[in-house]
Amino acid sequence: MGSTELSRSVRLGAAATGGLALPDAQPSPSQLYAPRGVYLDERRLIAVDSGNHRVMIWHGAPSHDGAPAEVVLGQPSAYSEGPRAGGRGAENGFHLPTAAAVHDDRLFVADAWHHRILVWNEVPTVSDTPPDWALGQDDLADVEPNRGAGPSRAGLYWPYGFGYLGGVFYVADTGNRRVLAWHGLPTRDRPADFILGQPADTAGEENRGGAAAADSFRWPHAFAACGDTLFVADAGNHRLLGWSPPPNGDRPADVVVGQSDFTTAREFPYAPQSARSLRFPYGITSDGTLLAVADTANNRVLLFHDSPRGAGGAADAVLAQPDFAANGENRWQAVEDDSLCWPYGLWLHGSRLAVADSGNNRVLLWDLSRAAVD
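Note that the structure is predicted; figures quoted are calculated from it, not measured.

Conventions and cut-offs
Residues numbered from 1 in each chain as written. Predicted model: local features only at pLDDT ≥ 70, side-chain atom pairs only at ≥ 80, totals over all residues. Heavy atoms only, no water. Helix = DSSP H or I, 4+ residues; strand = E, 2+ residues; numbered from the N terminus. Contact = heavy atoms within 4.5 Å. Pairing = 2+ DSSP bridges. Axes fitted to C-alpha atoms, helices over the stretch in contact; angles between N-to-C directions. Core = buried A, V, L, I, M, F, W, Y, C linked by side-chain atoms within 4.5 Å. Buried < 20%, exposed > 50% of the residue type's maximum accessible area, 1.4 Å probe, protein only. Phe/Tyr/Trp six-rings, centres within 6.5 Å; stacked < 30°, edge-to-face > 60°. Lys NZ or Arg CZ within 6 Å of the ring centre and 35° of its normal. 1 Å grid on protein atoms, 1.4 Å probe; cavity = no way out; pocket = protein on both sides within 12 Å on 5 of 7 lines; lining within 4 Å. Points joined across faces, edges and corners; volume = space filled by probe spheres on them. Nonpolar A, V, L, I, M, F, W, Y, C, P; charged D, E, K, R; others polar.

A few words on the environment of glycine 242. By secondary structure assignment, the location of glycine 242 is in strand 16 (residues 239-243). Sequence-wise, glycine 242 and aspartate 215 are 27 residues apart; in three dimensions their C-alpha atoms are separated by 10 Å. Filtering out sequence-adjacent residues up to four positions away, glycine 242 remains in contact with Thr229, Leu230, Phe231, Ala253, Asp254 and Val255.

Read from one edge of the open sheet, 4 strands run 2-3-4-5, paired in antiparallel fashion. The open sheet has two edge strands, strand 2 (37-40) and strand 5 (71-73), and neither has a second partner. In this sheet, neighbouring strand axes are inclined to one another by 15° on average, regardless of whether the strands run parallel or antiparallel. When strand 4 (residues 54-59) meets strand 5, the two strands line up antiparallel, connected through 3 bridges. Directly across from isoleucine 57, in strand 5, lies its bridge partner valine 71.

Here the focus is the sheet that holds strand 21 (residues 317-319). Sheets are built from strands that pair by backbone hydrogen bonding, the pairs being arranged parallel or antiparallel. The 4 strands lie next to each other as 18-19-20-21, forming an open sheet whose pairing is antiparallel. Of all the strands in the sheet, just strand 18 (281-286) and strand 21 have a single pairing partner and so form its edges. Averaged over all adjacent pairs, the angle separating strand axes in this sheet is 25°, with direction ignored. Across 5 bridges, the pairing between strand 18 and strand 19 (residues 291-295) is antiparallel. Counterpart to proline 281 in the pairing with strand 19 is aspartate 295.

What follows concerns the nonpolar core. Of all hydrophobic cores here, the largest spans 34 residues; its most connected members are Leu107 and Phe162. Contacts of leucine 107, omitting those with residues within four sequence positions, involve Ile46, Ile57, Leu73, Ala100, Ala101, Val102, Leu118, Val119, Trp120, Val123 and Pro124. Counting residues in hydrophobic clusters, the runner-up holds 18 residues, among them Ala233, Leu278, Val293 and Leu302.

What the rule picks out here adds up to 13 aromatic pairs. Both rings, one in tyrosine 39 and one in tryptophan 347, keep their centres 4.6 Å apart while their planes meet at 65°; by these two values the pair is edge-to-face. Residue tyrosine 39 is located in strand 2, and its partner tryptophan 347 is located in strand 22 (residues 343-349); the two are separated by 308 residues in the primary sequence. Measuring from centroid to centroid gives 6.3 Å for phenylalanine 169 and tryptophan 182, while their planes differ by 65°, and the two rings are edge-to-face. A residue pair is termed long-range when its members are at least 10 positions apart, and phenylalanine 169 in strand 11 (residues 168-173) and tryptophan 182 in strand 12 (residues 178-183) qualify at 13 residues. Here phenylalanine 169 and tryptophan 182 have matching classes, each one buried. Ring-pair connections join several aromatic residues into one group, and the members of that group are Phe108, Phe162, Tyr164, Phe169 and Trp182. Between the NZ or CZ atom of arginine 218 and the centre of the ring of tryptophan 219, over which it lies, the distance is 4.5 Å.

What follows is about the layout of surface pockets. Any space left empty among the atoms is revealed by the rolling of a water-sized probe across them. In this structure, the largest pocket encloses a volume near 490 Å³. Around the largest pocket, the lining is made up of 29 residues, and of these Phe162, Phe223, Ile284, Leu346 and Trp347 lie nearest the centre. Every element with two or more residues in the lining of the largest pocket is listed here: strand 2, strand 6 (97-103), strand 10 (159-165), strand 14 (220-226), strand 18 and strand 22. Counted by class, the lining of the largest pocket contains 18 nonpolar, 10 polar and 1 charged residues. Volume-wise, the second largest pocket comes out at about 200 Å³. Every residue along the wall of the second largest pocket is listed here: Gly258, Gln259, Ser260, Thr264, Arg266, Phe268, Pro272, Gln273, Arg276, Ser277, Leu278 and Gly312.

What follows is the structure, encoded as structure tokens:
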């Protein structure tokens, strides 16, 4: 098995240039700069425009290439950029937002370098709407790592991603090398119910202070549930870890993807890749049976048609590269509508896959045909 046939539906942000030049990224209602996160459902598309420190919302499915966003959050206008709303302050500004999703009609945004998850109690329909509260900080003005102290169940340090899966809300507390988990959606001052990846509430060392293991992280980043398995993208160890069934507390993973075993964390940047290799997998998504992985530094998306088991499972298909061995940015040829340069966030909704194509300053919506595998 190899590359999967793609039918592109919409491109948002920069147009394909036909060459390897970096596409335009000036802030506007229709341009993006290094987007890292994307969310898609039947009512809206949300792009996390990380380089411009803002979040963009399209209500309804965008119908044509370059469609302008209807709502822009985190900036005073659709033509401004910069951390903390261009200097206005943290109360209504971001510093490197990286992920967004809607759960229970509430909008959640990972505001990574402000060390918090921002929450809107209703999805905004007007630009520059401020958030209602922040998870990980005492109030919207506070931006210190770990609430100005050490690791705890109530503080965050570079939270790059989150997921609400099986009734549990997970946060990739990346700077503390751990995952925090809440049963149900969290509330303002409620500490996490349990932690994955560290032996104590106050611990925050990379790989628990040692080598990679089945119960450790280097850079946890994103979450997906496929079959009965919870997957965490452990980007810094070039792997996915999976728990089957999902854990209720800290315990070793049952599944590893991207490495041959749980104690290996190798990167092979100059060698041909394979259906079993990963390099900095920052994004994952699943519809419950199909698992898609943003193999970011290999400039591709890998598809697993069934939930991987054990160690070292192989992908069934690859997107954006001609075969499993290739890994060039835009295939070392040109920026095309089916090529990628450092894809970060993914979201699968029905047969539509949204990809935050960060290096190309755009979001792509692709229609996947699972049967079209050669």
